[in-house]
Each structure stands twice: as structure tokens, then as C-alpha cells.
Amino acid sequence: MTGKLHTIQYLRAVAATLVLISHALLYPLTGHVLAYGRLGWLGVILFFAISGFIMVIVTGQESFDPLGFLKRRIVRVVPLYWAFTGVAALLALLAPGLFKTTIFDLGQLGLSLLFVPFYNPASHGLHPLYKLGWTLNYEMFFYVSFALLAVFSARRRALALTILYVVLATIGSVLHPAGAIPAFYTSYMPLAFVAGVWMGIWSLEGALARWVPRLAGPLLVTVVLGLGIGFQRDIGVVEDGLSFVALLAAVLALMALSVAFEAKMPRFSILETLGDASYSIYLVHIFAVGAIAGMALKLIGTENDVLVAAILLAAIVGGIGAGLVLYRLVERPLMRSLRPRA
């Protein structure tokens, strides 16, 4: 890929912001899981689909070097994630009262650093020590799967990946395995990567440029209906299969429109910058949100709606600001120094 797709950067900014907003809402809305949970879930689905799309675009139509690919992905993901996992572990050890669902455990720390899923009794889910890392466990799973298919052409790679992830999701939905590792990898969540991969294939082959302008109206309707169904359906859990399908459909329609109309879209430098910093925002925002929203709402309560809204806005702005600072001072210089070695 010779340059960035600016609209994809905009969507990365949207994904990071959705996750940030959902975690900010966690503090005053702890009794209304669906209200903030689906926002964050939508952000993750969007992140996964974008990852699938980008991996196809950067590797192209033919086979590629799997080791070089994995080195680049490790350099991109691992250093910052390990750093934040280490910070969370240290704080959980020295000041455990700061956390609700994080405890220090040496075994959990080792599994987290190796991207091995496990049941976390503190969070009551399949979360690593730094809870946000569950999405990165899926990312690394996708990268390894993608690299193992490097000898094939892009379309055959997409087909093999589709078969693999559909079979795993089917096993999960039928057998409901109890073990942490089989339960994690037989989820339907990796299907979002597959959907993004096919979007990348159609982009490379020119299908999006040919067909999306003709189908812009139905695609816009798909975005609206997908979001409507995804947020209205309530069976008592955030991660509901039908809601996943609806939200993924909305995400794919939005991505198709964004890529097809890339040349006609205006440039928004702030969104592009937020897209560049989306990984830093994702990793650091929970500390900023906890420091601002968690502490302030503990002091003043949640009775005054105006004050609560102001605190939440401050937490969201603080999370974005912390991510931008991390990106400019740490992530960007670190990537510049590590990429030549990869």
C-alpha cells in the first residue's frame, strides 16, 4: 500500500472513541450494561473488521513472507501492550484498591504477556490481567492464522480463513466448550476479521469502486437498520449473536461506503490524527477515564445530571488527550526505531 486510506483512519478514530465513551459511561451507568456495553462492542467489531481489511491491503493479491509479516505485527502490537500490562500488574500489586476487576497474579501475568486466554476470576470473564487485552488476544490469533496462509493468493487465503473461523464458531455455538482456550477461540467474534478480509479482497479487485456507488442507498439503509437492531435488541446480555450480525452488517456497509467514496470525502486532519493514535488511545484511555470520572463521581455522586455530563465529557477529552500524548511521545518514536529491525 503506497499510502493511507484516510477514511479508514477516520473509522479507526471512531472505533477508539466508541470504546472510550463506553468505558466513561461505565461509571454512572453501572446498572445499565446494555447502554454502554454495545457502544464498546461496536467499536471492537469495527476495529476487527478494519484489521482484516488492512492486512489484505498491505499484503496484496499474491503470497507474502509470513515471518516478516509477523515481525511487523509483533513490533506494532506487543511493546506497548506489554508496557501497559506491566503497569497494570505493578499498580495491582502496590495499590490493589485502585482496581475493581484487576488483581496481581504472577501466572496471569505470564499468560497475558503470551496472549494465552484464561478465565479471570476477578473480572468473571476470559480477560488477561490488563482487561482491555482480550481484543489483542484475538488480534494475535488472526495475525497467526493469516500468516499460516501466506503461501496462497489473497482470495484463496480469504476462503480458507472463512472456512476455519466458521467451523470454529459453529463448534462453539453447538458444543459450548467450557475450557478457557477452546471457549475463546470458538467465539463468533473472529468472523469480524473475516468480513474485513473480504472487504479488502473486493477493494483490491475493484469491486467496491464499481458497485458501491450504485448501491449507496441500500448500504446507507443497512447502516441505519444494523445499528438500530444492534442497539435495540435486548435479551439481557451485551454480546448477543443476532446483535453481532446486525452491527457487523452496519460496519461493513459503512466501510464499503468509506472506501468507495474515499476520493470524494473531505479531509479531516483531526480525525486522521485520532486514527493514527487509535492504538494509544485504546490502551491508555482507561487510566484517564478512571482518574477523572471514577474519582470525581465518587466524590460528588451521580444525582446532578449536568455535573455528571460535564465529568463524562472531561473524561472522554482526557482519554483522547492522554492517547495523543502517548502516541506523539512514545508510540510514534518507538515505531520509528523498531520498524527498521522488523
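Section: the side chain of S280
Relative to the elements of secondary structure, S280 occurs in helix α13 (residues 278-300). Those residues within four positions of S280 in sequence are excluded, and the remaining contacts are L80, G323, L326, Y327 and E331.

Here we look at the side chain of E331
Among the secondary structure elements, E331 is positioned in helix α14 (residues 305-338). A distance of 2.7 Å separates polar atoms of two side chains, one belonging to E331 and the other to R76. Those residues in contact with E331 that sit more than four places away from it in its chain are R76, L80, D276, Y279, S280 and L326.

A look at the nonpolar core
I45, F142, F146, M189, M255 and L283 are the most contacted members of the largest nonpolar core, which has 101 residues in total. Ranked by the residues each element gives to this core, the list is headed by helix α2 (residues 33-59), at 15 residues. Not counting the four nearest positions on each side in its chain, F146 is found in contact with M55, V56, T59, F64, F69, R157, L161 and V197.

Some remarks on the pattern of salt bridges
Within the structure shown, the criterion is met by four salt bridges. Between E331 and R76 there is a salt bridge whose closest N-O contact spans 2.7 Å. Here the residue E331 occupies a position in helix α14, and R76 occupies one in helix α3 (residues 66-94), the gap between them amounting to 255 residues. Of the two residues examined, E331 and R76, each falls in the buried class. Across the salt bridge formed by E272 and R267, the nearest N and O atoms sit 3.2 Å from each other. Residue classification places E272 among the buried positions, given a relative accessible area of 12%. Classification of R267 by relative accessible area gives exposed; the value is 55%.

Details of the environment of Y119
On the secondary structure map, Y119 appears in the loop between α4 (106-113) and α5 (134-148). Take Y119: its relative accessible area is 49%, and that puts it in the partly exposed class. Placed 113 residues apart in sequence, Y119 and Q232 show a C-alpha to C-alpha distance of 29 Å. When sequence neighbours within four positions are dropped, the list of residues in contact with Y119 reads H124, G125, L126 and A180.

Regarding the environment of L129
Mapping L129 onto the fold places it in the loop between α4 and α5. Since its relative accessible area comes to 1%, L129 is described here as buried. In this structure, the C-alpha to C-alpha distance between L129 and F118, residues eleven residues apart in sequence, is 9.6 Å. In this structure L129 touches T85, A88, A89, T102, I103, D105, Q108, L109, S112, F118 and N120, once residues within four positions along its chain are discounted.

Rules and cut-offs
Within each chain, residues carry numbers counting from 1 in the order of the written sequence. Local features are withheld for residues below a pLDDT of 70 in this predicted model, meaning they are given only at 70 or higher, and side-chain atom pairs are given and counted only at 80 or more; totals for whole chains, interfaces and linings count all residues. Excluding hydrogens and water, the side-chain values take into account all heavy atoms of the structure. Each helix corresponds to a stretch of at least 4 residues labelled H or I by DSSP, and each strand to a stretch of at least 2 residues labelled E; elements are numbered beginning at the N terminus. What makes two residues a contact is simply this: any of their non-hydrogen atoms within 4.5 Å. Polar contact is defined as a pair of N or O atoms within 3.5 Å, subject to the rule that within protein one atom must be able to donate a hydrogen and the other to accept it, and that residues adjacent in sequence are counted only when both atoms are side-chain atoms. The nonpolar core is taken to be a set of buried Ala, Val, Leu, Ile, Met, Phe, Trp, Tyr and Cys residues, with the residues joined through side-chain atoms within 4.5 Å. Accessibility here uses a 1.4 Å probe with only protein chains present; expressed as a share of the type maximum, an area under 20% marks a residue as buried, one over 50% as exposed, and anything in between as partly exposed. A pair is scored as a salt bridge if a Lys or Arg side-chain nitrogen falls within 4 Å of a carboxyl oxygen belonging to Asp or Glu.

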